[in-house]
Amino acid sequence: MLKFDWNFLVAIINVVVFFILMRVFLFKPIKRVLDKRKELINKQLQDAQDAETKAMELKKQYEEKMDGANDESQKIISDAKENAKEEYARIIEKAETDAEKLMNSAKKQAQAERENEIRLARESIANLAMDAAEKVVGASVSDKTNSDIFDEFLNESSDDNGSENQ
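Cut-off values and rules
- Residues numbered from 1 in each chain as written.
- Predicted model: local features only at pLDDT ≥ 70, side-chain atom pairs only at ≥ 80, totals over all residues.
- Heavy atoms only, no water.
- Helix = DSSP H or I, 4+ residues; strand = E, 2+ residues; numbered from the N terminus.
- Buried < 20%, exposed > 50% of the residue type's maximum accessible area, 1.4 Å probe, protein only.
- Areas by Shrake-Rupley, 256 points an atom, 1.4 Å probe, with all protein chains shown as cover.
- Salt bridge = Lys/Arg side-chain N within 4 Å of Asp/Glu carboxyl O.
- Patch = residues over 30% accessible without salt bridge, like charges linked within 9 Å, V, L, I, M, F, W, Y side chains within 5 Å.
- Lys, Arg positive; Asp, Glu negative; His and termini not counted.
- Charge placed at Lys NZ, Arg CZ, Asp CG, Glu CD.

Quick notes on the overall build of the protein chain
Inference 1: Along the protein chain, the regular secondary structure elements total two helices and zero strands.
Inference 2: In the protein chain, buried positions account for 4% of the 166 residues.
Inference 3: For the protein chain, the computed accessible surface area is about 15,000 Å², with 59% contributed by carbon and sulfur atoms.

What follows is the structure, encoded as structure tokens:
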């Protein structure tokens, strides 16, 4: 039958003591190390998630700034085009005004030259008429008479010319 052996009892006590020692000196420190490692891994995962969230926020801000910059650049280009059109219109208006002034000046100058040429032509005609009158009359008339006749001719021709121009 079964015989009770002290060796068996000592072996069981040894196993129980060994188990208790293992549990105190091996399992608990290993469990602590594993718990710390688990906490470290969880903390690193949380940090990674926080970093990813922050990175996504920064990316969103960057994209918003880029959209804002694109909108601003389009606005700047639009403003520059509008300013260029205004400047173009101003330059064209100034050129038209300058051209009109130049044309008016040229017309006035041409009118003055025309009137001067007409005056010179009348004087020449008057001198020719005086010379012809002297030849017809056969004698020279006094300078005073010549001057009076000359002035009268010019007045009559300017009256005739004034009514023709109107």
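Still more ground to cover, so stick around.
Here we look at the pattern of salt bridges
Inference 1: All told, the structure shown has six salt bridges when counted by the stated rule.
Inference 2: One salt bridge connects Glu87 with Arg90, and the closest N-O pair in it is separated by 2.3 Å. In this pair, Glu87 and Arg90 are both assigned in helix H1 (residues 6–137), three residues apart and thus about one turn of the helix distant.
Inference 3: By relative accessible area, which is 35% here, Glu87 ends up partly exposed.

Quick notes on a negative patch on the surface
Inference 1: Where like charges cluster on the molecular surface, the negative patch consists of Glu63, Glu64, Asp67 and Asp71.
Inference 2: Topologically, Asp71 is positioned in helix H1.

Some points on a positive patch on the surface
Inference 1: A cluster of basic side chains, namely Arg23, Lys28, Arg32 and Lys36, defines a positive patch on the protein surface.
Inference 2: As for its position among the elements, Lys28 is in helix H1.
Inference 3: Judged by its relative accessible area of 46%, Lys28 is partly exposed.

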